[in-house]
Amino acid sequence: MGEATSYRLVCRPADHVLFRFNDWTITATDFLGMAHQLASELPGATHVVNLCHDRLHFALGLAAALLRGQVSLLTSDRSPERLRALQEDYPVLYSLSDDQAVSSPLPHHYYRAQPPRPCADGPGNPELPASRLAAIVFTSGSTGEPVGHKKPWGALVERSLDAAACFDMLEAQPASIVGMVPPQHMYGFETTVLLPLHAPASTWCGAAFYPEDVASALRAVPAPRVLVTTPLQIRALLQTSTELPPIERVISATAPLFPEIAAAAEQRLNTRVFEIFGATEVGSIASRRTVDGDIWTTYPQVHIREDQADAVVEGPFAVPHALTDVVEMLDARHFRLLGRRADLIKLAGRRASLAELNRILIGIEGVRDGQFVAPDDLDRRPTARLLVFVVAPERSADEIMAELRGQIDPPFLPRRVILVDELPRNEVGKLTDQALGALQARQNEV
Amino acid sequence: MTTDTRATTEHEVAQLLVDALHLEMTAGEIRPEEPLFGEGLGLDSIDALEIALAISRTYGFELRSEEGRAHRVFASLRNLTRYIDTHRTR
């Protein structure tokens, strides 16, 4: 390892497989040739929103943008409003997608890969400065104002090498990664797109969302297989009768994985289940084997510095950032998670703040008072969603729902909007958990 | 591959959605042409997994992504019903 000042676009032997797409096996040479071809077709711009669903198209879009000196923007919110908002901040912007039906208000480039062609004199594989801004990844906010986080090329490469070391990918036979997380999500971006560019691994590129998709994907790739997934998808896998081929390792992130589920998965799939801890701001920074307990080990080059109440994450070339979680450091490389700071809630791998959601609610015309409430079992019950209490005498629950729908991410839409005469605020205007609990209990009786 | 001559009705699929997701509405309130994701009913990808499990339990087949896209089958209740009708094994 160690820090260089520049890194090649691809650091794999020429004939090693990076991606598997339909029946194609894309070697390092193929990938570079395809990236140069795409780079020559891309419009001139400073930034590109990479909306590609397929991982091969996404990865080629990233590589081609790097070859052209363009910065890739990664956003999970692909609504026209969001894309227009991005254009305000990055005026020389276009969108890249592999979906002909996409509705983008930006100048748009449609791309689908052609089968790789033999390349006579070997395509260029440039050294890119470690400090070069490769991507800006946006948090999936609830407010319409997601924050972008800058990812220098060197930070992405060093973190991939860290991940590979952490998951024993450097010594062993190249791993086959099957990912169930979108490439625009920081976790999916790191583990399914960046890893194969620099570590001995290949990524399978078809759809892998439903258990049956995953089964055929796993069958299509050689061992050792690594499944990159989420707690909800692990739970779904455990509930189907679908037979899966041997899996060397399951990696989970986006939400806490309960030890009972991890143990059940280890037994049923005859595998080892690991979790990655990370966030959009800082990327993947630590891992643990869930059944071994609640202690996390940081990636080799990641350092967590305690700065008063904050835990600041540092790594080679990475922009230092404080965690939104509270941690207890046990020693330089081990910590426990004590919980989330403030009022953050997580659903479908996205984050929202209850305070922000409440601000949106109160901003709706005719709403005098209102409060989003997260049920206690939000982390454990997949069908659990928020609910809303609102004081709005002149408006209906449906109208309020329609207003919310235009302003917040679908996972955070309440399942119910409950109109009440007033909220049980105490003398200082605060809504206590107790008072809200009582209000909820009364609703459930009705 | 319908081994059953009974046609799948939009109402029974709507009821499956309401039951699987604990929706706060009746089956009759889901409009057949309305998108289930995003705009219309506002379902999300977590819901899609739950629905897939419910479909596999009730109709005996596993949902798959179509043409690389996971949620195309959820275009509308009508679409989903048609899909179930052609794939169900019970």
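Our structure is the block above this text.
Residues numbered from 1 in each chain as written. Chains lettered and ligands numbered in written order. Predicted model: local features only at pLDDT ≥ 70, side-chain atom pairs only at ≥ 80, totals over all residues.

1. Side note on the interface of chain B and chain A
Right, so step 1: Each partner contributes residues to the interface: chain B has 20 residues there, and chain A has 24 residues.
Right, so step 2: Each residue belonging to the side of chain B that touches chain A can be placed in one class, and the counts come to 7 nonpolar, 7 polar and 6 charged. (Contact = placed C-beta atoms within 7 Å. Nonpolar A, V, L, I, M, F, W, Y, C, P; charged D, E, K, R; others polar.)

2. Some details on the environment of Ala392(A)
All names here are of chain A.
Right, so step 1: Assignment of secondary structure puts Ala 392 in the loop between strand E26 (387–391) and helix H10 (397–405).
Right, so step 2: The exposure class assigned to Ala 392 is buried, which follows from the 20 C-beta atoms found within 10 Å.
Right, so step 3: With 57 residues separating them in the primary sequence, Ala 392 and Phe 335 have C-alpha atoms 46 Å apart.
Right, so step 4: If we skip the residues at most four places from it in the chain, Ala 392 touches Gly 366, Val 367, Arg 368, Ile 400 and Leu 419. (Helix = DSSP H or I, 4+ residues; strand = E, 2+ residues; numbered from the N terminus. Buried ≥ 20, exposed ≤ 12 C-beta atoms within 10 Å, placed from the backbone.)

3. Considerations on the nonpolar core
Right, so step 1: Ranked by internal contacts, the top residues of the largest apolar core, which has 126 residues, are Phe31(A), Ala35(A), Leu60(A), Ala63(A), Val178(A) and Ala52(B).
Right, so step 2: Residue contributions to this core peak at 10 residues, all from helix H2 (residues 55–67) of chain A.
Right, so step 3: With near-sequence residues (within four places) excluded, Ala63(A) lies in contact with Leu9(A) and Ala35(A).
Right, so step 4: If you look at the next biggest cluster of nonpolar residues, it comprises 17 residues, including Leu347(A), Leu357(A), Leu361(A) and Val417(A). (Core = buried A, V, L, I, M, F, W, Y, C linked by C-beta atoms within 7 Å.)

4. Things to note about the packing of helix H7 (residues 231–239) of chain A against helix H8 (residues 259–269) of chain A
Residues and elements named next belong to chain A.
Right, so step 1: With their axes 10 Å apart at the nearest point, H7 and H8 run at an angle of 50 degrees to one another. Relative to H8, H7 is oriented oblique. Handedness of the H7/H8 crossing: left-handed. Taken together, the residues of H8 that come into contact with H7 (itself represented by Pro 231, Ile 234, Arg 235 and Leu 238) are Ile 261, Ala 264, Ala 265 and Arg 268.
Right, so step 2: Split by residue class, the contact of H7 with H8 holds 6 nonpolar, no polar and 2 charged. (Axes fitted to C-alpha atoms, helices over the stretch in contact; angles between N-to-C directions. Parallel < 35°, antiparallel > 145°, perpendicular 65-115°, else oblique. Left-handed = near helix turned anticlockwise from the far one by under 90°.)

5. Some thoughts on unusual backbone geometry
Residue and element names in this part refer to chain A.
Right, so step 1: Looking along the chain, the bond that leaves Ala 223 and enters Pro 224 is cis, with omega of -5 degrees.
Right, so step 2: The residue Pro 224 is located in the loop between helix H6 (211–220) and strand E13 (225–229) in this model.
Right, so step 3: One non-glycine residue, Asn 270, adopts positive backbone phi at about 50 degrees.
Right, so step 4: Note that Asn 270 resides in the loop between H8 and strand E15 (272–279).
Right, so step 5: Phi at Phe 317 is positive, roughly 65 degrees, even though this residue is not glycine.
Right, so step 6: Here Phe 317 shows up in the loop between strand E19 (310–314) and strand E20 (321–322).

Taken by themselves, the reported measurements are silent on function.
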